[in-house]
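# A structural walkthrough
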Amino acid sequence: MGVEVWPLAVFTVIWAIVGIVGPFVVPKGPNRGVTRVALILTGVTCWLFWLCCYMAQMNPLIGPRLSNHTLLLIAREWGNPISAGH
Amino acid sequence: MSLFRSEDMALCQLFLQSEAAYSCVSELGELGLLQFRDLNPDVNAFQRKFVNEVRRCDEMERKLRYLEKEIRKDGIPMLDTGENPEAPQPREMIDLEATFEKLENELREVNQNAEALKRNYLELTELKHILRKTQVFFDEQEGGSSATESMTRALIPDDSIARQAAGPVQLGFVAGVILRERIPPFERMLWRACRGNVFLRQAEIETPLEDPATSDQVHKSVFIIFFQGDQLKSRVKKICEGFRATLYPCPEAPSDRREMAMGVMTRIEDLNTVLNQTQDHRHRVLAAAAKNITNWFIKVRKIKAIYHTLNLFNLDVTQKCLIAECWVPTEDLEQIQLALRRGTERSGSSVPPILNRMDTLENPPTYNKTNKFTSGFQHLVDAYGVASYREANPGMYNEIKFLSFLTLILLTAPYTIITFPFLFAVMFGDLGHGILMASFAAYLVIKERTLGAKKIQSDVWNIFFGGRYIILLMGLFSMYTGMMYNDVFSKSLNIFGSNWRNNYDESTLMNSKALQLDPNSTAYFKYPYPFGLDPIWQVAENKIIFLNSYKMKISIIFGVFHMLFGVLLSLWNHVYFRDRLAIMCEFIPQIIFMCFLFLYMVLLMFIKWVNYSADTIDVKAGPYCAPSILITFINMVLFKSSKNPDVCDDWMYAGQGFLQKLLVVIALLCVPVMLLAKPIMIMRARKQHQPLMNAGHTNNAAENGDAGYQLDDSMQQVQPVPAHHDEEEDITEIFIHQGIHTIEYVLGSVSHTASYLRLWALSLAHAQLSEVLWNMVLRNGLTWTDWTGGIVLWAIFGFWAMLTVSILVLMEGLSAFLHTLRLHWVEFQSKFYHGLGYSFTPFSFKTILDQAATNAEE
């Protein structure tokens, strides 16, 4: 299982702040209830969306198929020069 | 919590002293919190009490519109200070009427004078032109030997012979002016009617003249006709009349003509000064009116609205008091009392108005207080149907009340504030397009006050402006989902560094056109890209395969959660109405059905994500053996076991086969519970009540001492209180309702789940369209290498940007919006929202004036 802890922690904390801490700090007023609901829903939906995206890539069943031009460019630009060949 | 449920409403009766009624209603109109009911529904509009006053207001409005039209004609700006004058007292109405009457008469007089003067002026100018142009003709005639003369003479040989014989003195002539386009038929007619015995000369007047009646610019020509003899003269004159030519006297002698021309010139000058003065006067009158006209409009419309409202009231027997019935939000009762007191003080009446709360069995209107932020969302919900009123009628059984189908209750607006933009964004996920959308909406929000004050009269603009907060949120969420899809105008951002790299050596790369990176090798870092999709997928050739599987899954996941959320909201409704029967017999089986089938499918998706990987030596957990969730789900419902290749396991986990069978059986058992439990419970409850009610009837009859009245009695009992109808509702009807409800839910949960796949379909279409646009359009501009490339790119970028905004943001945005709306109206709200209420339309000057203003603009 390819889980890294830091992204899981960081994004969970961010959306937890929005969805759990946020509702507590909403100032009192006629729109308090609505604002709270909005914050909770934002937190839940955005977190779930991130989670699905992360989990879908966690254990890849297929790899990306790339043209050799793209592969050569990737090798040059992303700092992993190709080996000379056997 | 105003948006969660509609306001608590009360039906009130209002007694107003007749002299105070006017000012009280005026105060209430400023407040705008009461909805009056028509107490004389069968009295027709012409027989109401204040019909005379309404008619007077109509007349005043007509005069004001006339004034407004005249002001617009002169292009004088109308002063709109935005102030809101109070409705004037009834006695001021006479003053207003007098003012308008005076203004209108003055204006009409001025206009009449101006028209007469203009007609005069036109005649004089025409005469001036005739004198000037005909001079040439006469000169030619007298000169005799000029070249043109001989040429024309050749055309009419008879005439020339006559002239040679008798000399020029005997020729008669008429001169006049005619519309230029009528000249050719005119000429032809003259020629035919006079058999060629007349001689027509014409010259165009270069400057167009103003027609005083229509104030259009018309082109005219001067003509002069020479002829011989009286018979021809009368004939020519008739033809001129027929062609609407104006004839002018033209003296024969040159000196007379010169004299006349001089006279005409001086008269034209005199007329000009008079005309100018008239115009000045008119302008002054209109300018004075323009300063006040918006104020007057408001005043008159307010008076009219007040009398319209007073027409809804009842007169009491003594004629001293007006009785009104109105719906009032109970929270605002105090404010209303205050307004009434103010109204009484203003009218100087000593008797205070009386506001009584009444008990009623009627369903009150639904009133949701909104602010500028939430109102847009409220409209989205209301467009489906206005929520039923929150409160139950007193003294009714809960279960029966539910079956009356009038109870629906909760407003969806607070939830749609987020779910709507979110689901929209799932389909519209593109960071670039999201930024465009959000910044446009942010501009509208920031400039809200100035833009709102402009009152731009364009439907499209008003839709955008009214929905600016929705659009802002849609834009912001699209930015987030765009970052998740890692899609900016179909390109990806590589912020964290892709977790894939090339691990092929040079010879492999050179020998094959395309290569697939193996996740089970050094090509993959073993950890996914931390935020959103890995940028490598954007350039991959098999990106669609990967994205389809990902986006289909999230569509179903979010769809199931969305529907479950809807079902949970129905629980809240049942709890609010203390409807235990509905919780037991409807909510619980519903939630079990949904969870055991569809939430389980979602769970399978997560299990698949966690358990199956290419990154393992075990074939059973590898991509070869990874099961299709859809097939698994279908097999589960059909009680079939999946036929997997021998190397693979039949099940994803131990005991899956048994668990799945159990889940399906329980879910299916929930269907008869949903279908039958509630009607049977109601039936049993009825049976217990029945003896009681029968006893009541017989008692009644016994008291009357006459069994023959028994039937009548029960009829009477039913009639006055409408609530009894519901109690008498047929048990078969309850069964039918419940059957429909159950079928809708069970079949719906399947089709609704599938319906959420539109999230995937639209998002895929959007991404593909934006990619095609980039590749087909913008890419052409980026491939130029020399300096001309800059210019080409500039042009192509313009084209690309235009298509991006019009097709991808506007059209795709609209389609995603509509699909989101459908997902909310059908898939989400059907779970808990009936929308059978009617909305609260308070009597408010503000809405009346706004409506009048928009009508006037149209």
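Remember, predicted model here, so these are calculated numbers, not experimental data. Throughout, a residue's number is its position along its own chain's written sequence, starting from 1. To read the labels, note that chains go from A and ligands from 1, taken in the order they are written. Residues qualify for local features only when their pLDDT is at least 70, as the model is predicted, and side-chain atom pairs are given and counted only at 80 or more; totals for whole chains, interfaces and linings, by contrast, use all residues. Here the side-chain values reflect all heavy atoms present in the structure, with hydrogen atoms and water set aside.

### Description of the packing of helix H2 (residues 32-58) of chain A against helix H20 (residues 580-611) of chain B
To obtain an axis, a line is fitted to C-alpha atoms, over the contacting stretch when the element is a helix, and the angle between two such axes runs from 0 to 180 degrees between their N-to-C directions. Helix and strand definitions follow DSSP, with helices as H or I runs of at least four residues and strands as E runs of at least two, each counted in order from the N terminus. Two elements in contact, H2 of chain A and H20 of chain B, have axes whose closest approach is 7 Å; the angle formed by their N-to-C orientations is 45 degrees. Regarding the angle of H2 of chain A to H20 of chain B, the classification is oblique. For the pair H2 of chain A and H20 of chain B, the crossing hand works out as left-handed. Residues Leu51, Cys52, Met55, Ala56 and Met58 of chain A of H2 of chain A form the contact with H20 of chain B, whose participating residues are Phe606, Trp609 and Val610 of chain B. An angle counts as roughly parallel when it lies under 35 degrees, as roughly antiparallel when it exceeds 145, as roughly perpendicular when it falls between 65 and 115, and as oblique in every other case. Left-handed describes a crossing whose near helix is turned anticlockwise from the far helix through less than a right angle; right-handed describes the clockwise counterpart. Contacts are residue-level and defined by heavy atoms, with any inter-residue pair within 4.5 Å sufficient.

### Remarks on a nonpolar patch on the surface
On the surface, Trp6, Val10 and Ile14 of chain A together with Leu493, Ile495 and Phe496 of chain B cluster together to form a nonpolar patch covering roughly 530 Å² of accessible area. Relative to the assigned elements, Val10 of chain A resides in helix H1 (residues 5-25). Residues enter a patch when their relative accessible area is above 30% and they make no salt bridge; the linking distance is 9 Å between like charges and 5 Å between nonpolar side chains (Val, Leu, Ile, Met, Phe, Trp, Tyr). The method behind every accessible area is Shrake-Rupley, applied with a 1.4 Å probe, and residues are considered shielded solely by the protein chains displayed. For this analysis, a salt bridge means a side-chain nitrogen from Lys or Arg found within 4 Å of a carboxyl oxygen belonging to Asp or Glu.

### A short note on the packing of helix H13 (residues 431-446) of chain B against helix H27 (residues 788-828) of chain B
All names here are of chain B. For the pair H13 and H27, interaxial distance at closest approach is 11 Å and the crossing angle is 90 degrees. As far as their axial angle goes, H27 and H13 are roughly perpendicular. Only Thr804, Val805, Leu808 and Val809 of H27 make contact with H13, whose side of the interface consists of His433, Leu436 and Met437. When residues are sorted by character, Ala, Val, Leu, Ile, Met, Phe, Trp, Tyr, Cys and Pro go into the nonpolar class, Asp, Glu, Lys and Arg into the charged class, and all the rest, Gly among them, into the polar class. Along the lines of polarity and charge, the residues of the contact of H13 with H27 split into five nonpolar, two polar and no charged.

### Structural notes on the sheet that holds strand E4 (residues 199-204) of chain B
Residue and element names in this part refer to chain B. Taken in spatial order, the four strands make up an open sheet running E4-E7-E3-E8, and their pairing is antiparallel. Lying at the two open borders of the sheet, with one neighbouring strand each, are E4 and strand E8 (246-248). Direction aside, the axes of adjacent strands within the sheet are offset by 25 degrees on average. Sheet analysis places strand E3 (residues 171-179) next to strand E7 (residues 220-228), joined by nine bridges and oriented antiparallel. Its bridge partner lying in E7, Val177 is registered against Val222. Here the rule is simple: two strands pair whenever DSSP picks up at least two bridges between them.

### Focus: the confidence of the model for chain B
All names here are of chain B. Scored by pLDDT, chain B comes out at a mean of 79, with 85% of its residues at no less than 70. Scored between 0 and 100, pLDDT is the confidence that the predictor attaches to each residue. In the model, residues 144-156 has pLDDT below 50 throughout and makes twelve contacts with residues more than four positions away in sequence or in other chains. The low-confidence segment residues 390-412, where pLDDT is below 50, has 86 contacts with residues more than four positions distant or belonging to other chains.

### A look at unusual backbone geometry
All names here are of chain B. Phi is positive for Lys526, which is not a glycine, with a value near 80 degrees. Tracing the chain through its elements places Lys526 in the loop between strand E12 (514-516) and helix H18 (536-539). Buried means the residue's accessible area, taken with a 1.4 Å probe over protein chains only, is under 20% of the maximum for its type, while exposed means over 50%, and partly exposed covers the values in between. What makes Lys526 partly exposed here is its relative accessible area of 29%. A positive phi is found at Phe639, a non-glycine position, where the angle reads about 60 degrees. Within the secondary structure, Phe639 is located in the loop between helix H21 (629-637) and helix H22 (656-704). For Phe639, a relative accessible area of 39% puts it in the partly exposed group.

### Points about the UniProt feature "transmembrane region" (unreviewed entry) in chain A
Residue and element names in this part refer to chain A. UniProt positions are given in the numbering used here, feature names are shortened, and annotations may be inferred rather than shown by experiment. Taken from the UniProt record, the annotation "transmembrane region" (unreviewed entry) applies to residues 6-26 and 38-57. Annotated as 95% helix and 0% strand, the span residues 6-26 places its first and last C-alpha atoms 28 Å apart. Between the C-alpha atoms that bound residues 38-57 the distance is 29 Å, and the span itself is 100% helix and 0% strand.

### Some points on the side chain of Gln660 of chain B
Residue and element names in this part refer to chain B. Within the secondary structure, Gln660 sits in helix H22. For Gln660, a relative accessible area of 3% translates into the label buried. Not counting residues up to four positions away in its chain, the partners in contact with Gln660 are Tyr600, Leu604, Thr632, Met636 and Trp651.

### Brief notes about the nonpolar core
If you look at the biggest cluster of nonpolar residues, it comprises 105 residues, and the most contacted ones within it are Phe49 of chain A together with Tyr550 of chain B. Examining the composition of this core, we find that 15 residues originate from one element, H2 of chain A, more than from any other. Take the buried residues of types Ala, Val, Leu, Ile, Met, Phe, Trp, Tyr and Cys, join any two whose side-chain atoms come within 4.5 Å, and each joined set is a nonpolar core. Of all hydrophobic cores here, the second largest spans 58 residues; its members include Leu11, Leu103, Trp296 and Ala305 of chain B.

### Brief notes about the pattern of salt bridges
Residues and elements named next belong to chain B. One pass over the structure, following the stated rule, counts 26 salt bridges over all chains. Measuring nitrogen to oxygen at the nearest pair gives 2.8 Å for the salt bridge that ties Lys302 to Glu30. In this pair, Lys302 is assigned in helix H8 (residues 254-311) and Glu30 in helix H1 (residues 18-31), connecting sequence segments 272 residues apart. Accessibility expressed as a relative area gives 1% for Lys302, which makes it buried. Its salt-bridge partner being Arg108, residue Glu104 comes within 2.9 Å of it at the nearest N-O pair.

### Comments concerning the UniProt feature "transmembrane region" (unreviewed entry) in chain B
As recorded in UniProt, the feature "transmembrane region" (unreviewed entry) lies at residues 402-424, 431-446, 466-485, 554-575, 587-609, 621-638, 658-677 and 790-811 of chain B. Secondary structure across residues 621-638 of chain B divides into 50% helix and 0% strand, with the first and last C-alpha atoms of the span separated by 25 Å.

### Structural notes on the interface of chain A and chain B
Taken together, the 51 residues of chain A in the interface contact 69 residues of chain B. Buried area adds together the accessible area that both of two parts lose upon being put together, with accessible area traced by a 1.4 Å probe. Between chain A and chain B, roughly 5,400 Å² of surface is buried when both sides are summed, and carbon and sulfur atoms account for 71% of that area. The largest contributions to the chain A side of the interface with chain B come from Phe49, Leu61 and Arg65 of chain A, which together make up 14% of the buried area. For the pair chain A and chain B, the number of links is one salt bridge. Between Glu541 of chain B and Arg65 of chain A there is a salt bridge, and its shortest N-O distance comes to 3.7 Å. Residue assignment for the side of chain A that touches chain B shows that the elements contributing at least two residues are H1, H2, strand E1 (65-67) and helix H3 (68-77) of chain A.

### Regarding the pairing of strand E10 (residues 321-329) of chain B
Residues and elements named next belong to chain B. Counting buried residues in E10 gives nine out of nine residues, a clear majority hidden from the surface. Burial along E10 is two-sided: Cys321, Ile323, Glu325, Trp327 and Pro329 and Leu322, Ala324, Cys326 and Val328, pointing in opposite directions, are all buried. Strand direction decides the pairing type here: strand E1 (residues 9-17) and E10, joined by nine bridges, are antiparallel. Along E10, the bridge assignment pairs Gln13 with Glu325. Pairing of strand E9 (residues 314-315) with E10, which is carried by two bridges, proceeds in the antiparallel orientation.

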